[in-house]
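# Geometric and topological summary
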Amino acid sequence: MNGNEKLLEIKDLVKHFPIKKGLFSREMATVKAVNGITLDIFKGETVGLVGESGCGKSTLGRAILRLIEPTRGEIILKGSNILKFNSRELRRARRHMQIIFQDPYASLNPRMTVGNIIGEPLVIHNLVKTRKEKLDKIVELLEEVGMRGEVINRYPHEFSGGQRQRIGIARAIALRPEFIVCDEPVSALDVSIQAQVINLLSDLQKKLGLTYLFISHDLKVVEYLSNRVAVMYLGEIVELAKSEDLYRSPKHPYTQALLSAIPVADPKTNKKRIILKGDVPSPISPPSGCPFHTRCHYEIIERCKTEHPPLRELAPSHWVSCHLAK
Ligand code: SF4
């Protein structure tokens, strides 16, 4: 990490989706996918973002890049609120902020060659002047992600999942961004390939000074890569801490339950799994008070049902949204 220099400041970010209540209904409801997230991301760090599917983590990643329009809030990049940018300013900002998608099968255009997929952002942003310059740059990018330059004229379907994800990574780093949202980048890959892609992301971070928001439901992968980890539940961050603090001493009951579910290779372990009650409530009508109170395994108090717990700093840089956490 580069000291405490902030790269991104996310302030009270909200993304609500209006939906019809039923197929033939005229009544509308609101899916509260992201509900007032505030988060600073420092230069050179990896912030892991974890939570069950449907908790809003991918929506948050996309809203930060304005791939979907946030409902309100602020996203400050290098001193400017990108939510106020017009399309030309936003295109310029995109040079600094890229995304690696979960599904390497769906994220690459099957009709484009590898060369055109990786070269497209270079052309759009006018970073190459001649055809030779473009080809040289594409070959350099392919080699950076561990592929040979000779694949430049081949199509995505000719590659394995891991190779396709490498192509996606080459495209993401083509503009030399500072910040990349990695949206479940290894969850569609075989376990044997996952480690290779994770090591590649880690090497590129060191080489290019990248900052990552690493979204995953795999807590082991997140622990390996992240400097800090944010835990999301029903569109909110419920715990945020340095990785080693969060894994050693989780303070929110939801984080404790998630960590208790990580399998341990030792058959003699006496680690107890915390089974959460019920399902995740609907983000259309989240519970009053603490959004976790319907599933919490603590002896909850009346305040849990009526008063939303703010994020409190319970230990240095360890933030928790729970009335009872100590
Ligand atoms: Fe559980 Fe209450 Fe803490 Fe919410 S505030 S996590 S319900 S103890």
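A short tour of the structure in this document, coming up. (Residues numbered from 1 in each chain as written. Predicted model: local features only at pLDDT ≥ 70, side-chain atom pairs only at ≥ 80, totals over all residues. Heavy atoms only, no water.)

### Thoughts on the side chain of S107
Residue position: S107 is located in the loop between β6 (97-100) and α3 (114-124). Among residues more than four places away in sequence, those in contact with S107 are F101 and R171. (Helix = DSSP H or I, 4+ residues; strand = E, 2+ residues; numbered from the N terminus. Contact = heavy atoms within 4.5 Å.)

### Here's the deal with helix α6 (residues 191-208)
Taking 1.5 Å per residue as the helical rise, α6 with its 18 residues ought to reach 26 Å, and the 26 Å between its terminal C-alpha atoms agrees with that figure. Taken residue by residue, α6 has Q194, V197, I198, L200, L201, S202, L204 and Q205 as its buried positions. Packed against the buried residues of α6 are β3 (46-50), β6, α4 (131-144), α5 (161-173), β8 (211-215) and α7 (219-225). The positive-phi residue at the C-terminal boundary of α6 is G209, with phi of around 65°. (Expected span 1.5 Å × (residues − 1). Buried < 20%, exposed > 50% of the residue type's maximum accessible area, 1.4 Å probe, protein only.)

### Examining the packing of α3 against α5
Two elements in contact, α3 and α5, have axes separated by 7 Å at closest approach and are oriented at 25°. Regarding the angle of α3 to α5, the classification is roughly parallel. Classified by chirality, the crossing of α5 by α3 is right-handed. Residues V114, I117, I118 and P121 of α3 form the contact with α5, whose participating residues are I167, A170 and R171. Looking at the contact of α3 with α5 residue by residue, the class counts come to six nonpolar, no polar and one charged. (Axes fitted to C-alpha atoms, helices over the stretch in contact; angles between N-to-C directions. Parallel < 35°, antiparallel > 145°, perpendicular 65-115°, else oblique. Left-handed = near helix turned anticlockwise from the far one by under 90°. Nonpolar A, V, L, I, M, F, W, Y, C, P; charged D, E, K, R; others polar.)

### Examining the pattern of salt bridges
In total, this model carries 18 salt bridges according to the counting rule given. When the shortest N-O distance is used, the salt bridge between K43 and E178 registers 3.1 Å. Separated by 135 residues along the polypeptide, K43 in the loop between β2 (28-42) and β3 and E178 in the loop between α5 and β7 (179-183) bring together distant segments of the chain. A salt bridge links R248 to D245; its shortest N-O distance comes to 3.2 Å. One end of the pair, R248, and the other, D245, are both in helix α8 (residues 243-248), three residues apart, so they sit about a helical turn from each other. A relative accessible area of 63% means that R248 is categorised as exposed. Given a relative accessible area of 16%, D245 falls into the buried group. (Salt bridge = Lys/Arg side-chain N within 4 Å of Asp/Glu carboxyl O.)

### Observations concerning the pairing of β3
Of all five residues in β3, five are buried; the element is thus mostly enclosed. Of the two faces of β3, the one holding T46, G48 and V50 and the one holding V47 and L49 are both buried throughout. Where β3 and β8 come together, four bridges link them in parallel fashion. Bridging from a neighbouring strand, L49 pairs with I215 of β8. By the bridge criterion, four bridges tie β3 to strand β9 (residues 228-233) in an arrangement that is parallel. The partner of V47 across the bridge, within β9, is R228. (Pairing = 2+ DSSP bridges.)

### Details of unusual backbone geometry
The residue R66 is not glycine, and still its phi comes out positive at about 60°. With respect to the element layout, R66 can be found in the loop between α1 (57-64) and β4 (72-77). On the basis of relative accessibility, which here comes to 12%, the residue R66 falls in the buried class.

### Describing the side chain of K251
Its place among the elements puts K251 in the loop between α8 and α9 (253-260). The side chain of K251 is buried and forms no salt bridge, while E239, the nearest opposite charge, is found at 6.7 Å. In contact with K251, other than residues within four places in its own chain, are E239, Q256, Y298, L314, A315, H318, V320, A325 and K326. (Lys, Arg positive; Asp, Glu negative; His and termini not counted.)

### Quick word on the pairing of β7
Counting buried residues along β7, five of its five residues qualify, which places the element largely inside the surrounding structure. Neither face of β7 is exposed, since F179, V181 and D183 on one face and I180 and C182 on the opposite face are all buried. Pairing analysis gives four bridges linking β6 to β7, with the strands arranged parallel. Across the sheet, Q98 pairs through a bridge with I180, a residue of β7. Of the pairings in the sheet, the one linking β7 to β8 comprises five bridges and is parallel in character. Its bridge partner being in β8, V181 is matched across the sheet by L213. A crossover links β7 with its parallel partner β8, the connecting element being α6, and its sense is right-handed. (Right-handed = clockwise from strand over helix to strand, strands pointing away.)

### Describing the packing of aromatic side chains
Scanning all chains against the criterion turns up three aromatic pairs. Taken together, a centroid distance of 5.0 Å and an interplanar angle of 85° make the contact between Y233 and F292 edge-to-face. Separated by 59 residues along the polypeptide, Y233 in strand β9 and F292 in the loop between α9 and α10 (302-306) bring together distant segments of the chain. For the residue pair Y233 and F292, the accessibility class agrees, reading buried in each case. These aromatic residues form a ring-pair network of at least three members: Y233, Y254 and F292. Between the NZ or CZ atom of K15 and the centre of the ring of F17, over which it lies, the distance is 4.8 Å. (Phe/Tyr/Trp six-rings, centres within 6.5 Å; stacked < 30°, edge-to-face > 60°. Lys NZ or Arg CZ within 6 Å of the ring centre and 35° of its normal.)

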